[in-house]
Amino acid sequence: MIHRDIKMSNLLYSNGALKLCDFGLARDFGTPLRPYTPKVVTLWYRAPELLLGAKTYSSAVDIWACGAIMGELLCHTPLLPGRNDQEQLKLTYELLGTPNDAIWPGYTPHTISCPLVGSGKSSTARDARLKGRQACRGLHAL
């Protein structure tokens, strides 16, 4: 099952137990992957493949959302607070670097119909973004 809407407000924590709620967007998935809408998951927790318009995806989108939540918990502020899809991709690329086929098999920038594809030289922007997050010492652990 893919939850497709993991975010802070869908997590319930009580007496040491963490529970996931709101399965309204959840779908069964299997092999082969079926096409789904990419406009799921709250923007701040949306995986790059969804931002780039992928119609087939797996539970990896939920894992991405969990990582964004962990970053938010470690930094005490949203990790990637984009206002639209393009800004969300820009923030992701600044923080993690521009994807390539070596780290994301099948990713080919020139085949994606998105006006924002970085140059891969994002370490300076990433360092500047992280510099303002002195309280976020655990971010590199993600």
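See the structure shown above.
Calculation criteria
- Residues numbered from 1 in each chain as written.
- Predicted model: local features only at pLDDT ≥ 70, side-chain atom pairs only at ≥ 80, totals over all residues.
- Heavy atoms only, no water.
- Salt bridge = Lys/Arg side-chain N within 4 Å of Asp/Glu carboxyl O.
- Buried < 20%, exposed > 50% of the residue type's maximum accessible area, 1.4 Å probe, protein only.
- Helix = DSSP H or I, 4+ residues; strand = E, 2+ residues; numbered from the N terminus.
- Expected span 1.5 Å × (residues − 1).
- Contact = heavy atoms within 4.5 Å.
- Polar contact = N/O pair within 3.5 Å; in protein donor to acceptor, adjacent residues only side chain to side chain.

Next up on the list: the pattern of salt bridges. All told, the structure shown has five salt bridges when counted by the stated rule. In this structure, Asp5 and Lys7 form a salt bridge, with 3.8 Å as the shortest nitrogen-oxygen distance. Judged by relative accessible area, which is 9%, Asp5 ranks as buried. When the shortest N-O distance is used, the salt bridge between Asp85 and Arg46 registers 3.1 Å. With Asp85 in helix α3 (residues 85–96) and Arg46 in the loop between β2 (17–20) and α1 (48–51), the pair connects residues that are 39 residues apart, well separated along the chain. By relative accessible area, which is 11% here, Arg46 ends up buried. Put simply, Lys39, Arg46 and Asp85 are held in one network by salt bridges that share partners.

With the exception of glycine, most residues fall at negative phi, and the peptide bonds are largely trans. Its identity is not glycine, yet Asp22 carries a phi of approximately 60 degrees, on the positive side. Along the chain, the position of Asp22 falls in the loop between β2 and α1. Positive phi outside glycine occurs at Val41, with the angle close to 70 degrees. You can see Val41 is positioned in the loop between β2 and α1.

All right, on to helix α2 (residues 60–75) then. Compared with the 22 Å implied by 1.5 Å per residue over 16 residues, the 22 Å span of α2 between its first and last C-alpha is a close match. Taken together, the buried positions of α2 are Val61, Asp62, Ala65, Ala68, Ile69, Gly71, Glu72 and Cys75. Those residues of α2 hidden inside the fold are in contact with β1 (11–14) and α1. Just downstream of α2, His76 is the residue with a positive phi angle, here 65 degrees.

With respect to the helices and strands, Lys7 occurs in the segment before β1. Along the primary structure Lys7 and Leu43 are separated by 36 residues, whereas in three dimensions their C-alpha atoms are 9.7 Å apart. Residues in contact with Lys7, not counting those within four places in the same chain, are Thr42, Tyr45 and Ile69. At 3.4 Å, the side chain of Lys7 and the side chain of Thr42 are in polar contact.

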